[in-house]
Amino acid sequence: MKGFERKNKYLSLCGLNCALCPMYIGGYCPACGGGEGNQSCRIAACSIGRKVEYCFECGEYPCARYEGMDDADSFITHKNRRADFERAKTAGTDAYGAEQREKEAILREFLRFDDGRSKSRFCLAVNLLGLDVLREILAETSEAAFSRLSGKEQAAWLTARFRGAAERAGVELRLRKK
């Protein structure tokens, strides 16, 4: 969208964690406010006039533009958008950004074990699971038993670990389609 650029590519204007999206990771999207290649966005158009970096900074948030937006997911989950905004607002966008940079680094490590079919699943798990759980799972990938698994077995092992962690946390690891 012409004239719409942002410094923070980790947390979008509307609250999505862009750096954990398979489209961003794959190099197909410049993230929210990434300049050329960005799609037209009604929320971005609104923010230009209001001069806000995040929707939660607007006195009208959440406004009518958000109605129904979280009912289904796009390439990335919308499930935690409002909770993530609340964390960014409470902890500060710098602290929240640091957490997202760590999650992106962890995701990129997990993607080394992608079997060609797991990128979206890994992105979703990293987006929805807590950092402590992700750090623990990542540490387990350096153990000798894991390294003896084939590529497909490694992807399946990670998927099983993500599902177990999600079940314990009461998190559903699937994108909601319309």
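Note that residues are indexed from 1 along each chain, following the sequence as it is written. It should be noted that, the model being predicted, local features are given only for residues of pLDDT at least 70 and side-chain atom pairs only at 80 or more, the latter also being counted only at that level, while totals for whole chains, interfaces and linings use all residues. Heavy atoms from the whole structure form the basis of all side-chain values; hydrogens and water molecules are not counted.

## Here's the deal with the side chain of Ser47
What counts here: A run of H or I in DSSP becomes a helix once it reaches four residues, and a run of E becomes a strand once it reaches two; helices and strands are each numbered from the N terminus. Under the scheme applied here, a residue whose accessible area is under 20% of the maximum for its type counts as buried, over 50% as exposed, and between as partly exposed, the area being computed with a 1.4 Å probe on protein chains only. Here, residues are in contact when the closest pair of their heavy atoms is within 4.5 Å.
Mapped onto the elements of the fold, Ser47 is located in helix α2 (residues 42-50). Its relative accessible area of 4% is what places Ser47 among the buried residues. Setting aside anything within four residues of it in sequence, one finds Ser47 in contact with Phe4, Leu13 and Val52.

## Structural notes on the pattern of salt bridges
How we decide: In the sections that follow, a salt bridge refers to a side-chain nitrogen of Lys or Arg positioned within 4 Å of a carboxyl oxygen of Asp or Glu.
Going through the model one piece at a time under the given rule, you end up with 11 salt bridges. Residue Arg161 is joined to Glu136 by a salt bridge in which the shortest nitrogen-to-oxygen separation is 3.4 Å. With Arg161 in helix α8 (residues 151-169) and Glu136 in helix α6 (residues 131-140), this pair connects stretches of sequence that are 25 residues apart.

## Topic: the packing of helix α4 (residues 93-110) against helix α5 (residues 119-128)
What counts, and what does not: Note on method: axes are straight lines fitted to C-alpha atoms, helices fitted across the in-contact stretch only, with angles between N-to-C directions ranging 0 to 180 degrees. An angle below 35 degrees is read as roughly parallel, one above 145 as roughly antiparallel, one from 65 to 115 as roughly perpendicular, and any other as oblique. Whether a crossing is left-handed or right-handed is set by the direction in which the near helix is turned from the far one by less than a right angle, anticlockwise for left-handed and clockwise for right-handed. Here the term charged refers only to Asp, Glu, Lys and Arg, the term nonpolar to Ala, Val, Leu, Ile, Met, Phe, Trp, Tyr, Cys and Pro, and the term polar to all other amino acids, Gly among them.
For the pair α4 and α5, interaxial distance at closest approach is 10 Å and the crossing angle is 150 degrees. Here α4 is positioned roughly antiparallel relative to α5, judged by the angle of their axes. The way α4 lies across α5 gives a crossing that is right-handed. Of the residues in α5, those touching α4 at Lys103, Leu107 and Phe110 are Phe122, Cys123, Val126 and Asn127. Each residue belonging to the contact of α4 with α5 can be placed in one class, and the counts come to five nonpolar, one polar and one charged.

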